[in-house]
Amino acid sequence: MPLIARTERPKSMRDHAYTHLRDAIVSGELAPGERLRDPELEAWLGVSRTPIREAIARLEAAGLVQTRRAKQTVVAPLDARTALAAQRIAATLHAMAVRDAVPQLTAADLEAMSNANAAFAKALRLDDVDAALAADDAFHGVAVQACANPLLPGLLEQVTPLLRRLERARFGSLAGRGSVADHDRIIELCAAGLADEAAAATHDNWSTLGRLLHLDDDDDETATDGDAGDPAASVTPTP
């Protein structure tokens, strides 16, 4: 449990607590199975128990924490199949965002996508997981913003942290996605005004995690390769 207090004064204590707890869980700073104790969280985040409890409730709904007997709250274990389910939803939502965004995209939007992809490629070359995921979020975030669907950000917040958490634990899967070329193709299709084709390319870009984890889409109980059928084994972080 990190004990260095946060010094900034947020505008919303509830959002502050949620964001920092979410990011600490996704990054692995708070490890799977680690117990979350209110007094320690209060000292770390510099907020009272109420916003922490509200944040915990949101994180539990998103599958990032669990409440056990005796009301013990712990960080949820890494679960490959839950992350795969989140990936399927994310793929559909991002494809919808691109389809709706294409008619609205400006030259500045396309440039922002290109810049984000360049940053993504650089981060992959440097094995910089934080920068890679930030750049990937920035790339896809252009369409999410341009489509102007007010419900999409909240829906994506429900599933993206689960997916990013697994990708951080298995950064090699992210590096192996071929996403730089995928992103270039998406930009080309967006620039050409081909909304359906760009949406399909986006869906495919977000649909690679299951294949990289060797999970069998036709069998919920058995994986197709090696120990991938054991969620705990399949997400063990590499040194």
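Position numbers for residues start from 1 in each chain and track the written sequence from start to end. Residue-level local features of this predicted model are given only where pLDDT is at least 70; pairs of side-chain atoms are given and counted only at 80 or more, and the full residue set underlies all totals for whole chains, interfaces and linings. Think of the side-chain values as coming from all heavy atoms in the structure, minus any hydrogens and water.

### Re the overall build of the protein chain
Rules: Under the DSSP-based scheme used, a helix requires at least four consecutive residues in state H or I and a strand at least two consecutive residues in state E, with every element numbered from the N terminus. Throughout, exposure labels follow a simple rule: accessible area from a 1.4 Å probe, protein chains only, divided by the maximum for the residue type, with under 20% read as buried, over 50% as exposed, and the rest as partly exposed. Pairs of residues are marked as contacts when any of their non-hydrogen atoms sit within 4.5 Å. We get accessible surface area from the Shrake-Rupley algorithm with a probe of 1.4 Å; when it comes to residues, only the shown protein chains can shield them.
Counting secondary structure elements, the protein chain contains 12 helices and two strands. Secondary structure elements in the protein chain, listed N-terminal to C-terminal, are α-α-α-β-β-α-α-α-α-α-α-α-α-α. Within the protein chain, buried positions represent 44% of all 239 residues. Nonlocal contacts in the protein chain, meaning residues at least 24 apart in sequence, comprise 73% of its contacts between residues at least 6 apart. Entry remark: accessible area of the protein chain is about 11900 Å², with carbon and sulfur atoms responsible for 52%.

### Digging into unusual backbone geometry
Although it is not a glycine, D127 adopts a positive phi angle of roughly 55°. Position of D127 relative to the elements: it lies in the loop between helix 5 (107–125) and helix 6 (129–146). A residue is classified by how much of its surface remains accessible, and D127, at 57% relative accessible area, is exposed.

### Comments concerning the side chain of H140
Among the structural elements, H140 can be located in helix 6. Residue H140 is classed as buried on the basis of its relative accessible area of 5%. The residues contacting H140, other than those within four sequence positions of it, are H94, H183, T202, N205 and W206.

### Here's the deal with the packing of aromatic side chains
What counts, and what does not: Here a Phe, Tyr or Trp ring, Trp counted by its six-membered ring, pairs with any other such ring whose centre lies within 6.5 Å, and the pair is stacked when the planes are under 30 degrees apart, edge-to-face when over 60, and tilted otherwise. Here, over-ring charges are defined by two tests on the NZ atom of lysine or the CZ atom of arginine: distance to the ring centre within 6 Å, and angle to the ring normal within 35 degrees.
Counted under the stated rule, the structure contains zero aromatic pairs. Between R58 and the ring centre of Y18, over which it is positioned, the NZ or CZ distance is 3.6 Å.

### Observations regarding the layout of surface pockets
As a reminder of what qualifies: Of the two site types, the cavity is a set of points on a 1 Å grid over the protein atoms alone where a 1.4 Å probe fits but cannot get out, and the pocket is an open set with protein on both sides within 12 Å along at least five of seven lines, each lined by residues with an atom within 4 Å of a point. Grid points are joined across faces, edges and corners, and a volume is the space filled by probe spheres set on the points.
For the largest pocket, the calculated volume is near 440 Å³. If you trace the largest pocket, you find 20 residues lining it, with D137, E157, T160, P161 and R164 closest to the centre. Counting only elements with at least two residues in the lining of the largest pocket, the list comes to helix 1 (13–27), helix 6 and helix 7 (152–169).

### Observations concerning the packing of helix 4 (residues 80–101) against helix 7
Basically, it comes down to this: Orientation is described by axes fitted as lines to C-alpha atoms, over the contacting stretch for helices, and by angles from 0 to 180 degrees between their N-to-C directions. Roughly parallel refers to an angle under 35 degrees, roughly antiparallel to one over 145, roughly perpendicular to one between 65 and 115, and oblique to any angle outside these ranges. Handedness of a helix crossing follows the sense of rotation of the near helix relative to the far helix, less than a right angle counterclockwise being left-handed and clockwise being right-handed. Under the scheme applied here, ten amino acids are nonpolar (Ala, Val, Leu, Ile, Met, Phe, Trp, Tyr, Cys and Pro), four are charged (Asp, Glu, Lys and Arg), and all others, including Gly, are polar.
Viewed as axis vectors pointing N to C, helix 4 and helix 7 meet at an angle of 140°, and their least axial separation amounts to 8 Å. One way to sum up the angle between helix 4 and helix 7 is to call them oblique. The handedness of the crossing between helix 4 and helix 7 is left-handed. Contact with helix 4, carried on its side by A80, T82, A83, A86, Q87, I89, A90, L93, H94, M96 and A97, involves L152, L155, L156, V159, L162, L163 and L166 of helix 7 and no other residues of that element. A breakdown of the residues in the contact of helix 4 with helix 7 according to their chemical character gives 15 nonpolar, three polar and no charged.

### Brief notes about the environment of D137
Inclusion rule: In protein, a polar contact requires one atom able to donate a hydrogen and another able to accept it; more generally it is a pair of N or O atoms within 3.5 Å, and residues adjacent in sequence count only if both atoms are side-chain atoms.
Within the secondary structure layout, D137 lies in helix 6. Measuring from C-alpha to C-alpha, the distance between D137 and R164 comes to 9.9 Å, with 27 residues separating the pair along the chain. A polar side-chain atom of D137 sits 2.6 Å from a polar atom in the side chain of R164.

### Considering the nonpolar core
Convention followed: Only buried Ala, Val, Leu, Ile, Met, Phe, Trp, Tyr and Cys residues count toward a nonpolar core, and they belong to the same one when joined by side-chain atoms within 4.5 Å.
Residues L21, I25, L30, L36, W44, L45 and L59 are the most contacted members of the largest nonpolar core, which totals 25 residues. When contributions to this core are tallied by element, the ones reaching two or more residues are helix 1, helix 2 (38–45), helix 3 (49–61), helix 4 and helix 7. No other element matches the five residues that helix 1 contributes to this core. Those residues within four positions of L59 in sequence are excluded, and the remaining contacts are Y18, L21, R22, I25, L64 and V65. One finds A101, L105, C147 and A198 within the second-largest nonpolar core, a separate group that totals 24 residues.

### Some details on the confidence of the model for the protein chain
For clarity, the threshold we go by: Scored from 0 to 100, pLDDT reflects the predictor's confidence in each residue.
Put simply, the protein chain has an average pLDDT of 83, and 79% of its residues get 70 or more. Per-element confidence in the protein chain is highest for helix 10 (residues 195–206), whose mean pLDDT is 96, and lowest for helix 12 (residues 231–234), whose mean pLDDT is 35. Note that residues 215–239 has pLDDT below 50 and, in this model, 42 contacts with residues that lie over four places away or in other chains.

### Some words on helix 6
So the rule is basically this: One fewer than the residue count of a helix, multiplied by 1.5 Å, yields its expected span. What we call the bend at a residue is the angle made by axes fitted to the seven residues finishing there and the seven residues starting there.
If you check helix 6, its first and last C-alpha atoms are 26 Å apart, about what 18 residues at 1.5 Å a residue would give, namely 26 Å. Along helix 6, the sharpest kink reaches roughly 30°, centred on H140. Turning to helix 6, its buried residues are A132, L133, A135, D136, F139, H140, V142, A143, V144 and A146. N-capping of helix 6 is provided by D128, with a side-chain oxygen placed 3.3 Å from the backbone N of D130.

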